[in-house]
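Close look at the chain arrangement
Read off the chains here:
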Amino acid sequence: MSKADAVDLAAEETRHQIVDLMQDFTIETTPGSAAKIADYRDHLRPGTRVAVTFLPGSDFADTLATAARLKAEGFEPMPHFAARSIPSRQALEDYLKALKDAVDLKHVVALGGAVDSPLGPFDSSMAMLETGLFDAYGVETIGVAGHPEGSPDIAPAALQQALDWKNAFAARSDASLYIATQFCFEAAPIIAWDKAIQAAGNRLPIHIGVPGLATIKTLINHAKACGVGPSMRFLTKQARNVAKLMTVNAPDKLLLDLARYKAMDPGCGIARVHMYPLGGLRRSAAWSYAVADGELELKPKDKGFNVTRSID
């Protein structure tokens with residue numbers, strides 16, 4: 001085999017690794033952004049799982065309406081349950097019943113929620129899960145929080161204790177649990193975290209958060225609001241050039257590095273990608289489908305890749 005043939009073979013293998021990582025990606029929406037989307041079918045393929053976020057101060061009726069709309073348009077909603085924003089155990093059961101009736105609820109994401117003082121009896125997602133109500137209403141998959149870059153509000157030891165609890169809970173729940181992470185901008189912190197939690201006994205598959213297409217300025221603003229850690233340096237280096245602030249950034253380098261890690265390390269816990277469409281659903285979804293379909297070409301020197309399909 002010639003050197004050129006070997007290079008081509010390696011490039012093709014890398015392309016397949018990226019495509020494999022992006023299969024069955026999930027994505028999210030907010031009730032606020034739903035009001036600006038005429039039809040989700042213009043952007044997403046049938047059956048896509050779509051998380052419905054619940055921000056502090058939100059009305060659950062908006063979550064219910066967005067989930068019902070997604071179901072009617074052919075998608076699988078994954079509503080967020082923010083523990084600290086739920087006023088009572090009865091309210092939690094009411095929410096579950098309403099969603100079961102409206103969308104035949106199967107998938108949820110259970111989070112603590114960014115509220116300093118709980119509105120009711122649940123101070124964590126664990127307290128909410130312990131009620132057994134998600135099993136009682138036939139929920140099949142539950143996403144629970146993971147923090148590749150740590151949390152500004154939770155000590156590392158407490159994060160590990162919570163992850164141990166979630167692994168133990170998975171063994172006694174009828175639902176399949178997985179770890180849903182915040183978005184990051186570089187692979188190194190994710191890989192180091194994954195190796196650390198696997199060594200500590202984690203057995204839950206990881207759905208890794210990836211930022212969709214957005215300007216550098218938009219990504220920095222979201223990263224600050226969400227407490228993203230060291231990988232934010234990737235953005236701040238670029239932001240030193242003010243002219244680049246409005247440049248649209250794609251997560252191609254991140255996905256390339258994660259795809260290689262997933263393919264080459266048998267201990268890798270990453271199972272799927274969850275896209276955060278921080279710059280808007282349309283472009284992030286179109287770009288993600290292009291990658292999942294293999295319409296991409298690698299950049300030189302392992303710097304990422306470009307999609308070869310027009311997404312404008």
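Okay, so let's go over this structure. (Residues numbered from 1 in each chain as written. Predicted model: local features only at pLDDT ≥ 70, side-chain atom pairs only at ≥ 80, totals over all residues. Heavy atoms only, no water.)

**Quick look at the side chain of Asn167**
In plain terms, the rule: Secondary structure elements are taken from DSSP: a helix is a run of H or I of four residues or more, a strand is a run of E of two residues or more, and numbering for both begins at the N terminus. Think of a polar contact as two N or O atoms within 3.5 Å of one another; within protein, one of them needs to be a possible hydrogen donor and the other a possible acceptor, and neighboring residues in sequence only count if both atoms come from side chains. A contact between two residues is defined here by any heavy atoms of the two lying within 4.5 Å.
Here Asn167 lies in helix H7 (residues 156-172). Here Leu163 takes part through its backbone oxygen, which lies 2.9 Å from a polar atom of the side chain of Asn167. Look past the residues within four positions of Asn167 in its chain and what remains in contact with it is Gly201, Asn202, Arg203 and Leu204.

**Things to note about the nonpolar core**
What counts, and what does not: The nonpolar core is taken to be a set of buried Ala, Val, Leu, Ile, Met, Phe, Trp, Tyr and Cys residues, with the residues joined through side-chain atoms within 4.5 Å. Buried means the residue's accessible area, taken with a 1.4 Å probe over protein chains only, is under 20% of the maximum for its type, while exposed means over 50%, and partly exposed covers the values in between.
Ranked by size, the top nonpolar core spans 75 residues in total, and within it Phe81, Phe134 and Ile142 carry the most contacts. Dropping the residues within four chain positions of it, Ile142 is found in contact with Val108, Ala110, Leu129, Phe134, Ala175, Ser176, Leu177 and Tyr178.

**Details of the pairing of strand E10 (residues 270-276)**
Spelled out, the test is: The rule for pairing is simple: two strands pair if DSSP sees at least two bridges between them.
A large share of E10 lies buried, amounting to six of its seven residues. Examined bridge by bridge, strand E1 (residues 26-29) and E10 share two bridges and lie parallel to one another. Across the sheet, Ile27 pairs through a bridge with Met275, a residue of E10.

**Some words on the sheet that holds E10**
Rule in force here: To obtain an axis, a line is fitted to C-alpha atoms, over the contacting stretch when the element is a helix, and the angle between two such axes runs from 0 to 180 degrees between their N-to-C directions.
With parallel pairing, eight strands are arranged side by side around a closed barrel as E1-E2-E3-E4-E5-E6-E7-E10. Taken pair by pair, the neighbouring strands of this sheet meet at an average axis angle of 30°, ignoring direction. Pairing of strand E2 (residues 49-52) with strand E3 (residues 76-82) involves four bridges; the strand directions are parallel. Of the residues in E3, the one forming a bridge with Val50 is Pro77. Set on the sheet, helix H8 (residues 187-199) makes contact with strand E5 (141-146), strand E6 (176-183), strand E7 (206-211) and E10; between it and E7 the angle comes to about 165°.

**Examining the packing of aromatic side chains**
Here is the rule: What counts as a ring pair is set by centres within 6.5 Å for rings of Phe, Tyr and Trp (its six-membered ring), and what kind of pair is set by the plane angle: stacked under 30 degrees, edge-to-face over 60, tilted for all other angles.
By the definition in use, this model includes eight aromatic pairs. Between Phe25 and Tyr289, the aromatic rings sit 5.0 Å apart at their centres with planes inclined by 55°, giving tilted as the arrangement. Taken together, the residues Phe25 in the loop between helix H1 (3-22) and E1 and Tyr289 in helix H12 (residues 281-292) connect sequence positions 264 residues apart. Judged by relative accessible area, Phe25 falls into the buried class, the value being 5%. Ring plane angle 85° and centroid distance 5.3 Å describe the contact between Phe81 and Phe134, whose orientation is recorded as edge-to-face. Residue Phe81 is located in strand E3, and its partner Phe134 is located in helix H6 (residues 133-136); the two are separated by 53 residues in the primary sequence.

**Structural notes on the pattern of salt bridges**
Charged atoms that come close allow side chains of opposite charge to pair. Going by this rule: When a carboxyl oxygen of Asp or Glu is within 4 Å of a side-chain nitrogen of Lys or Arg, the pair counts as a salt bridge.
By the definition in use, this model includes 16 salt bridges. Here Glu73 ties to Arg69 by a salt bridge, and the two come within 2.9 Å at their closest N and O atoms. Overall, the relative accessible area of 13% leaves Glu73 in the buried class. Accessibility expressed as a relative area gives 22% for Arg69, which makes it partly exposed. As a salt-bridge pair, Arg89 and Glu93 come within 4.0 Å of each other at their nearest N and O atoms. In this pair, Arg89 and Glu93 both sit in helix H4 (residues 89-103), four residues apart, roughly one turn of the helix. With relative accessibility at 41%, the residue Arg89 sits in the partly exposed group. What emerges from the salt-bridge pattern is a single network uniting Arg45, Asp293, Glu295 and Arg309.

**A short note on the environment of Glu13**
In this fold, Glu13 is placed in helix H1. Judged by its relative accessible area of 49%, Glu13 is partly exposed. The sequence separation of Glu13 and Arg260 amounts to 247 residues, and the corresponding C-alpha distance is 9.5 Å.

**Re the pairing of E7**
Counting buried positions along E7 yields six of six residues, so the element is predominantly enclosed. Across three bridges, the pairing between E6 and E7 is parallel. In the strand pairing of E7, Ile179 is matched with Ile206. In terms of strand pairing, E7 meets E10 through six bridges, oriented parallel. From the neighbouring strand, Ile206 faces E10, where its bridge partner is Ile270.

**Comments concerning the packing of helix H3 (residues 60-72) against H4**
The test is simple: We call two directions roughly parallel when the angle between them is under 35 degrees, roughly antiparallel when it is over 145, roughly perpendicular when it lies between 65 and 115, and oblique otherwise. Helix crossings fall into two classes, left-handed where the near helix is turned counterclockwise from the far one by less than a right angle and right-handed where it is turned clockwise.
Taken N-terminus to C-terminus, the directions of H3 and H4 make an angle of 20°; their axes are 9 Å apart at the nearest point. Judged by the inter-axis angle, H3 sits roughly parallel to H4. Where H3 crosses over H4, the two elements pack in a sense that is right-handed. Of the residues in H4, those touching H3 at Phe60, Leu64, Ala67, Ala68 and Lys71 are Tyr95, Ala98, Leu99, Ala102 and Val103.

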